[in-house]
Amino acid sequence: MKKLVVGISVLLVLACVGAGAYILRPQPQAATVMTVEVKGEVVDVKDGVMTVRTESGEEYRLVFAEGVKTEEEVGAEDKIAVTCACATDAAQPFPVTAVNSHVKPKLIEVKGLHGLVTAVEGSVVTLKEDTVLNREVKLDVSKVSNLPSGLAAEDELTVDARYWDNHPDVPWEAVAVMRIEKPAPPDPTDPEVVDDEKPNPNALQDGDVTPNGFQVRVINGITYIDGVLIANKTYRLPMSYNPGGLTKECKRAFEEMKAGAAEDGYTLKIVSGFRSFETQYVIYWRYVRNDGQKAADTYSARPGHSEHQTGLAMDLNSLKSAFGDTPEGKWLAAHCHEYGFIIRYPKGKSGITGYIYEPWHVRYVGVELATRLYESGLTLEEYFGIDSEYYEG
Ligand SMILES: [Zn+2]
């Protein structure tokens with residue numbers, strides 16, 4: 001009898017445990033399948049599984065459904081956007097049902113890239129290229145077999161390199177170093193910076209009136225037309241003219257413009273502001289040495305002729321002609337007059353201003369004149385009726 005009672009108790013206990021276990025067990029859920037678009041960069045493709053990293057850093061493992069794409073067609077670093085059936089509880093790769101866009105990185109090779117080293121940080125070298133646009137290129141030199149030790153800023157470097165066209169942020173990969181020129185030690189016989197340019201007989205003189213009826217004043221060698229300081233290829237500034245930086249009014253106007261741009265969601269930053277006669281002298285003659293005077297004259301001002309010496313001009317954001325087509329460039333062109341600035345060297349006016357299109361270079365002239373120039377589409381030269389041409393006599 002005792003045995004039987006124990007047996008029943010054990011059975012009861014077992015029944016209870018069983019019932020409890022049954023109640024506690026989660027209900028089996030059906031995997032929810034959603035269709036999502038995954039957009040990002042391919043990290044790798046292995047055994048038919050492609051790993052894609054989105055911009056926010058999430059990684060998706062995807063497998064191509066039959067007939068969509070094959071492993072051979074997609075490679076690491078490709079940019080891809082696919083539609084896939086994404087299961088909420090799946091540990092398996094999601095099947096791709098459609099490829100919406102697919103860009104393969106394009107490898108571009110550059111031979112004889114030449115410029116001035118401006119920084120060396122680990123294996124990344126910043127090179128200021130000696131071209132019209134004078135752009136800065138980041139070079140990864142880690143895989144160069146013939147890299148001499150002691151590469152430093154101020155060196156002139158020539159390399160063969162390659163870069164991924166659709167990956168603007170990835171440093172260019174240096175393939176081989178062709179040449180390094182160390183800066184020459186200071187030569188005591190080097191000529192000093194001098195201001196020996198002959199006066200331009202075509203420049204209007206103090207007391208003259210321009211063909212468009214504006215009064216010319218020349219004070220301490222500086223030409224003002226209708227009160228506006230002029231620096232171009234005809235009119236130059238003396239070496240002694242040095243406001244020490246951007247003028248107060250120009251700086252204040254820029255701060256206001258920067259705030260106005262920020263309100264509209266754009267960032268403006270000064271890339272190059274004031275440059276002294278001496279700085280311009282060094283820059284200009286370096287270009288002449290590397291590129292010849294004829295070429296240098298199309299993109300760099302001779303000392304005394306640079307608007308940067310006025311303290312009223314600055315280069316913004318990017319020294320690329322494509323800057324004019326960016327949202328910031330378009331905003332600048334449409335609004336800078338509201339703050340007293342003009343795009344000094346507009347498109348299609350290089351025969352008049354003497355300089356190539358520079359959507360990044362603005363000059364402060366005050367709101368009233370800037371607005372008049374903006375509305376008329378005239379350059380300073382056209383508005384006043386003056387030239388911008390070097391005197392080669
Ligand atoms: Zn400039």
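Look a little higher up for the structure.
For every chain, the first residue of the written sequence is number 1, and numbering continues from 1 along that sequence. In keeping with the model being predicted, local features are shown solely for residues with a pLDDT of at least 70 and side-chain atom pairs are shown and tallied solely at 80 or more, while totals for entire chains, interfaces and linings include all residues. Calculated side-chain values reflect all of the structure's heavy atoms, with hydrogen atoms and water omitted.

Draft legend 1. View of the sheet that holds strand β9 (residues 156–164). Strand pairing follows a simple DSSP-based rule, namely that at least 2 bridges must link the two strands. For the purposes of this entry, the term helix denotes a DSSP run of H or I that reaches at least four residues, the term strand denotes a run of E that reaches at least two, and both are numbered from the N terminus. Read around the barrel, five strands follow the order β6-β7-β8-β10-β9 and close on themselves; strand pairing throughout is mixed. The average undirected angle you get between the axes of adjacent strands in this sheet is 50 degrees. Taken together, the six bridges between strand β6 (residues 107–121) and strand β7 (residues 124–129) define a ladder with antiparallel strand orientation. By the bridge assignment for β7, L116 is matched with K128. The convention used is that axes are lines fitted to C-alpha atoms, helices contributing only their stretch in contact, and that angles between N-to-C directions extend from 0 to 180 degrees.

Draft legend 2. Quick peek at the coordination of the zinc ion. Metal-coordinating donors are taken as N, O and S atoms lying within 2.8 Å of the metal, or within 3.2 Å when the metal is Na, K or Ca; because water is left out, some sites can appear incomplete. For the zinc ion, every protein donor is listed as H308 (NE2), D315 (OD) and H361 (ND1), and the spread of their distances is 2.0 to 2.1 Å. All donors of the zinc ion come from a single chain, and their spacing in sequence reads H-x6-D-x45-H. Of the residues examined, H308 reaches a relative accessible area of 3% and is grouped as buried. Accessible area is worked out with a 1.4 Å probe on protein chains only. A residue is then buried under 20% of its type maximum, exposed over 50%, and partly exposed in between. Given a relative accessible area of 5%, D315 falls into the buried group.

Draft legend 3. Spotlight on the sheet that holds strand β13 (residues 228–229). Strand order in the open sheet made by the three strands is β11-β12-β13, with antiparallel pairing throughout. Both edges of this open sheet fall to β11 (216–219) and β13, since each of them pairs with a single strand only.

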